[in-house]
Amino acid sequence: PDGRKDRLDSIADTWGPTARVIFVVNNITEFPQAPLISNNLNPQYPQLLLLPSGTKDRSVAALEYTIRTILKTVNPDFAFF
């Protein structure tokens, strides 16, 4: 969507790595400076979660994939979407 890159940049600039943000994107080019999501012991934030090809943004399938992947990979104590 229009303005997405600007919004992601603003979030990253405002909150920085302490927010432990994971951006859900359709294409890595939306925020190329962030690494893909990982369960690394010392992860760098923000991270990217790349939706599978063909998954529509803002769909139930995208939300299910996002929740399932973040729980499996990061297993956070708290999350909001």
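Preceding this paragraph is the structure being described.
A quick note: this is a predicted structure, and the numbers were derived from the prediction, not measured. (Residues numbered from 1 in each chain as written. Predicted model: local features only at pLDDT ≥ 70, side-chain atom pairs only at ≥ 80, totals over all residues. Heavy atoms only, no water.)

> Give me the lowdown on the environment of Val24, citing residues and values where you can.
Among the secondary structure elements, Val24 is positioned in strand E1 (residues 22-25). By relative accessible area, which is 26% here, Val24 ends up partly exposed. For the pair Val24 and Leu50, spaced 26 residues apart in sequence, the C-alpha to C-alpha distance is 6.0 Å. In contact with Val24, other than residues within four places in its own chain, are Arg4, Leu49, Leu51 and Thr66. (Helix = DSSP H or I, 4+ residues; strand = E, 2+ residues; numbered from the N terminus. Buried < 20%, exposed > 50% of the residue type's maximum accessible area, 1.4 Å probe, protein only. Contact = heavy atoms within 4.5 Å.)

> Which residues make up the packing of aromatic side chains, and what are the values?
Counted under the stated rule, the structure contains 1 aromatic pair. With 5.0 Å between their ring centres and 70° between their planes, Phe23 and Phe31 make a pair best called edge-to-face. (Phe/Tyr/Trp six-rings, centres within 6.5 Å; stacked < 30°, edge-to-face > 60°.)

> Pulling in residues and values, what's your account of helix H2 (residues 60-73)?
When the terminal C-alpha atoms of H2 are compared, their 20 Å separation across 14 residues agrees well with the 20 Å that a helix rising 1.5 Å per residue should span. Regarding H2, the residues found buried are Ala62, Thr66, Thr69 and Ile70. One side of H2 holds all its buried residues, which, seen down the axis, span an arc of 95°. When the buried face of H2 is taken as reference, the exposed residues oriented beyond 90 degrees from it are Val60, Arg68 and Lys72. Residues of H2 that are buried in the fold lie against E1 and strand E2 (47-50). (Expected span 1.5 Å × (residues − 1). Arc of directions from axis to C-beta.)

> So what's going on with the pattern of salt bridges? Which residues, and what values?
Scanning all chains against the criterion turns up 2 salt bridges. Across the pair Glu30 and Arg4 runs a salt bridge, and its minimum N-O distance is 2.6 Å. Here the residue Glu30 occupies a position in the loop between E1 and E2, and Arg4 occupies one in helix H1 (residues 4-15), the gap between them amounting to 26 residues. Judged on exposure class, the residue Glu30 and its partner Arg4 are both buried. Between Lys5 and Asp9 there is a salt bridge, with the nearest N and O atoms lying 3.2 Å from each other. Of this pair, Lys5 and Asp9 both sit in helix H1, 4 residues apart, which is roughly one turn of the helix. Judged by relative accessible area, which is 37%, Lys5 ranks as partly exposed. On the basis of relative accessibility, which here comes to 21%, the residue Asp9 falls in the partly exposed class. (Salt bridge = Lys/Arg side-chain N within 4 Å of Asp/Glu carboxyl O.)

> Tell me about the nonpolar core, and name the residues and values.
Residues Leu8, Ala12, Val21, Phe23, Val25, Phe31, Ala34 and Leu48 constitute the largest nonpolar core, which totals 8 residues. Mapped onto this core, the elements with two or more residues apiece are H1 and E1. Once residues within four sequence positions are removed from consideration, Phe31 is found in contact with Leu8, Asp9, Ala12, Phe23, Pro46 and Leu48. (Core = buried A, V, L, I, M, F, W, Y, C linked by side-chain atoms within 4.5 Å.)

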